[in-house]
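Observations on the three-dimensional arrangement
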Amino acid sequence: MAGILSAIKLREAGYTDVTVYEKADRLGGTWRENTYPGIACDVPSHLYTYTFAPNPEWSHAFAPGPEILAYFQNVASRYGIDQLIRYGNEVRRLEHDGSRWCLETSTGERDEADVVIAATGVLHHPRYPDIGGLDDFAGNIFHSARWDHSVPLEDARIGVIGTGSSAVQITGALTDRVGEFHLFQRTPQWVLPVDNPPISDADRARYRADRGLMTKLRTDLNTGFIQSFANAVVDADSPALQMLQKAARANLEDKVSDPGLREKLRPEYRAGCKRLIISPNFYDAIQRPNARLVTERIDRVEADGVRTADGELHRLDVLVLATGFRVDRFLRPIEVIGRNGVRLDDIWGQRPFAYLSVTVPDFPNLFLLNGPNGPVGNFSLIDVAEAQFAYLLQLIELLRGGECRQISASRDATARFEAQRVEAAKKTVWVTGCHSWYLDERGIPAAWPWSFTRFEEAMARPELADYLLV
Ligand code: NAP
């Protein structure tokens, strides 16, 4: 998403020498890699689109994954971007030689670039759980982001480990298709009952005929999303957050009839602390007769299934690890060597950081989209990438204008930003008593802790005093 965006915007700005490196044999990022049953986006379709490429054809209020993938493929081809992509070329090494970036790829290809934009995504590297015996399992086992579609599911005994957004969508899509469904829950989740109605043919025809309608719809969705959710989570005391809590609690009370199951599904932390789950059918699915919520701790995996701490063996044919992602990787494992031999892996040794989440001191002309500590948890990543790109383009224009040859954030400005960010994070709902992928190893949210308005203001114009221009 961010790579296609960058190429489109660079070309629009008149940059003709643009190459996109892609490790896979086709584009699509997260929507190419995540193909599990039930995959959809929890940002409304008409908001989860580039502002410059509205899509009148969205089938549902929240689009299914394959449709989103098709949208990106369509936009890339419409703008001629697929012609710029070097597929099957994983960037392995980036070294700044004092004037340019020297790049090496998995095919042995070398290239040089004045500017590098890392549009490598966030939820990218599957996290495999630290559970003994995974290799002993005799059935089929795979991560949710590596779904093996050759494995038959009909009548099979399926186990899913995890209760994040991925596991909840898989549960909603699979329980009525499989023989038995075992959901291994370590931590319950708050779930909002957001419906996903189809968009009618008549509405799609209206959008096709009047682009302004889609622009208005996007604006309205954006305003609603920001007010009801995005700005709420960064203020743990906000009334909007209390309303979300109320709605999630009512959903649990209304939808789950068995008191024992209801208590097992009831989180002990506040709604929004972990990524809030939206699902029209999770509670229905987990109450089907062939579904079982397992809350006993997993002891180990054995050839025949999952053994829980109470000694029970849950016999399975398929085990799905919906256990999330390593969220501190960003452009790594690319070996990135900046000014004077500084290695990104070394300076990010404890945890990744970046000034305003877009540039790193000592790495001139290297720009990050959806980089460390950005607004990952509360905004549409498309809007985030668009705002970040508009900001970066202003820096790139300084290079084109000859005002400098190299630009990178100063260490002072980066340290100041980090200190302010850590302080502001104390007010967010993410630190109100849960464990989640938003938190770094210190328990501090690795995310933008302010409002979306503040993000847009920060991205409006670079503060050049915070940069080192060479
Ligand atoms: P996730 O939110 O990180 O969830 C991972 C799950 O695995 C958690 O329930 C976690 O339990 C569990 N887990 C991890 N290790 C375990 C272990 N050793 N034993 C037992 N359970 C274990 O991952 P995800 O569901 O893939 O979602 C990641 C993010 O991707 C989401 O937050 C969202 O931002 C994005 N996403 C979005 C959508 C959407 O748009 N609808 C769909 C999928 C993903 P604990 O909670 O106890 O840690």
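The structure this text deals with has already been given above.
Our subject in this report is the structure included herewith. Quick caveat: nothing in here was measured; it's all calculated off a predicted structure.

Between Arg332 and the following residue, Pro333, the backbone shows a cis peptide bond with an omega angle of 15°. As for its position among the elements, Pro333 is in the loop between strand E18 (325-326) and strand E19 (335-337). Even without glycine at this site, Asn370 takes up a positive phi of about 50°. Relative to the elements of secondary structure, Asn370 occurs in the loop between strand E20 (366-368) and helix H11 (381-400).

In the region of the ligand, 24 residues are neighbours, and Thr163, Ser166, Thr187, Lys274 and Trp437 sit closest. Note that an oxygen atom of the ligand is positioned 2.7 Å from one of the side-chain N or O atoms of Lys274. For the shell around the ligand, the per-class residue count stands at 10 nonpolar, 10 polar and 4 charged.

Between side chains of opposite charge, pairing is possible as soon as their charged atoms come close. Across all of its chains, the model carries 39 salt bridges by this definition. A salt bridge links Arg32 to Glu22, with the shortest nitrogen-to-oxygen separation between them at 3.0 Å. Taken as a pair, Arg32 in helix H2 (residues 30-33) and Glu22 in the loop between strand E1 (20-21) and H2 lie far apart in primary sequence, 10 residues in all. Per residue, the accessibility class of Arg32 equals that of Glu22, and both read buried.

Among the secondary structure elements, Gln388 is positioned in helix H11. Owing to a relative accessible area of 0%, Gln388 belongs among the buried residues under this scheme. In this structure, Gln388 is in contact with Ser357, Val358, Leu368, Leu369, Asn370, Pro375, Phe455 and Met459, ignoring residues within four places of it in sequence.

Thresholds, definitions, all that
Residues numbered from 1 in each chain as written. Predicted model: local features only at pLDDT ≥ 70, side-chain atom pairs only at ≥ 80, totals over all residues. Heavy atoms only, no water. Helix = DSSP H or I, 4+ residues; strand = E, 2+ residues; numbered from the N terminus. Near = heavy atom within 4 Å. Polar contact = N/O pair within 3.5 Å; in protein donor to acceptor, adjacent residues only side chain to side chain. Nonpolar A, V, L, I, M, F, W, Y, C, P; charged D, E, K, R; others polar. Salt bridge = Lys/Arg side-chain N within 4 Å of Asp/Glu carboxyl O. Buried < 20%, exposed > 50% of the residue type's maximum accessible area, 1.4 Å probe, protein only. Contact = heavy atoms within 4.5 Å.

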